[in-house]
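Inside the fold
Listed below, chain by chain, are the residues.
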Amino acid sequence: LVFGGCNGAMASNYRSDMWSLDTQTRVWTRIVLPAHADAPSGRAQHSMVQYGGQVYVFGGNNKKGGKRHLLSDLHSYDPLRQQWTLLSSGSAGDGPTRRSGHS
């Protein structure tokens, strides 16, 4: 799975789309989420990992007020239900501080 990233001049278009690669056929398919999926905001330079049947996305950056904005939110994605869940907004100070470009 691939989520987010950016494209456009000066990384001006932050994405919140998701794609899946069929490794047998090498064909990419865009995952079209239902309206209730509530995907994370568009972002780049975030971390994404799959564990226990869930996909987790943490941090990254996007633009806010025309300036680079670091993120510290944590989301999980359930591929079977096609459902995103916000696990932490990052504002409570109970986890890592805002960051991007990490692995």
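See the structure above.
Residues numbered from 1 in each chain as written. Predicted model: local features only at pLDDT ≥ 70, side-chain atom pairs only at ≥ 80, totals over all residues. Heavy atoms only, no water.

**As for the overall build of the chain**
Looking only at helices and strands, the chain has zero helices and seven strands in total. Listing every helix and strand of the chain by position from the N terminus yields β-β-β-β-β-β-β. Taken against the 2.2 N^0.38 rule, which gives 13 Å for 103 residues, the C-alpha radius of gyration of the chain at 14 Å falls within 12% of a compact globule. When its C-alpha atoms are laid out on the principal axes, the chain stretches across 40 × 35 × 30 Å. Put simply, the chain has 103 residues, and 32% of those count as buried. Pairs at least 24 apart in sequence give 43% of the contacts found in the chain among residues at least 6 apart. Accessible area for the chain stands at about 6,700 Å²; split by element, carbon and sulfur atoms hold 51% of it. Of the side-chain charges in the chain, 11 are positive and 6 negative, and the distance between the mean point of each set is 11 Å. (Helix = DSSP H or I, 4+ residues; strand = E, 2+ residues; numbered from the N terminus. Rg over C-alpha atoms; globule rule 2.2 N^0.38 Å. Buried < 20%, exposed > 50% of the residue type's maximum accessible area, 1.4 Å probe, protein only. Contact = heavy atoms within 4.5 Å. Areas by Shrake-Rupley, 256 points an atom, 1.4 Å probe, with all protein chains shown as cover. Lys, Arg positive; Asp, Glu negative; His and termini not counted. Charge placed at Lys NZ, Arg CZ, Asp CG, Glu CD.)

**Digging into a nonpolar patch on the surface**
A surface patch of nonpolar side chains, about 360 Å² in accessible area, is lined by Val 2, Trp 19, Leu 21 and Trp 28. In this structure, Trp 19 sits in strand 2 (residues 13-22). (Patch = residues over 30% accessible without salt bridge, like charges linked within 9 Å, V, L, I, M, F, W, Y side chains within 5 Å. Salt bridge = Lys/Arg side-chain N within 4 Å of Asp/Glu carboxyl O.)

**Brief notes about the pairing of strand 6 (residues 67-78)**
Looking at chain direction, strand 5 (residues 54-64) and strand 6 are connected through nine bridges and run antiparallel. Within the sheet, the bridge partner assigned to Asn 62 lies in strand 6 and is His 69. Connecting strand 5 to the antiparallel partner strand 6 that follows it, the hairpin turn spans two residues, and Gly 65 within it adopts a positive phi of roughly 65°. Here five bridges tie strand 6 to strand 7 (residues 83-88), and the two strands are oriented antiparallel to one another. In the strand pairing of strand 7, Tyr 77 is matched with Trp 84. (Pairing = 2+ DSSP bridges.)

**Comments concerning the side chain of Ser 76**
By the secondary structure assignment, Ser 76 is in strand 6. Judged by its relative accessible area of 7%, Ser 76 is buried. Not counting the four nearest positions on each side in its chain, Ser 76 is found in contact with Gln 54, Val 55, Tyr 56, Gln 83, Trp 84, Thr 85 and Leu 87.

**Comments concerning the side chain of Arg 43**
By the secondary structure assignment, Arg 43 is in the loop between strand 3 (27-31) and strand 4 (47-51). Taking relative accessible area as the criterion, Arg 43 reaches 0% and is therefore assigned buried. Polar side-chain contacts of Arg 43 include one of 3.0 Å to the backbone oxygen of Ser 41. A distance of 2.8 Å separates the side chain of Arg 43 from the side chain of Asp 73, its partner in a polar contact. When residues no more than four places from it in sequence are discounted, the contact partners of Arg 43 are Phe 3, Gly 4, Gly 5, Tyr 14, Arg 15, Val 57, Gly 59, Asn 61, Asn 62, Leu 71, Asp 73 and His 75. (Polar contact = N/O pair within 3.5 Å; in protein donor to acceptor, adjacent residues only side chain to side chain.)

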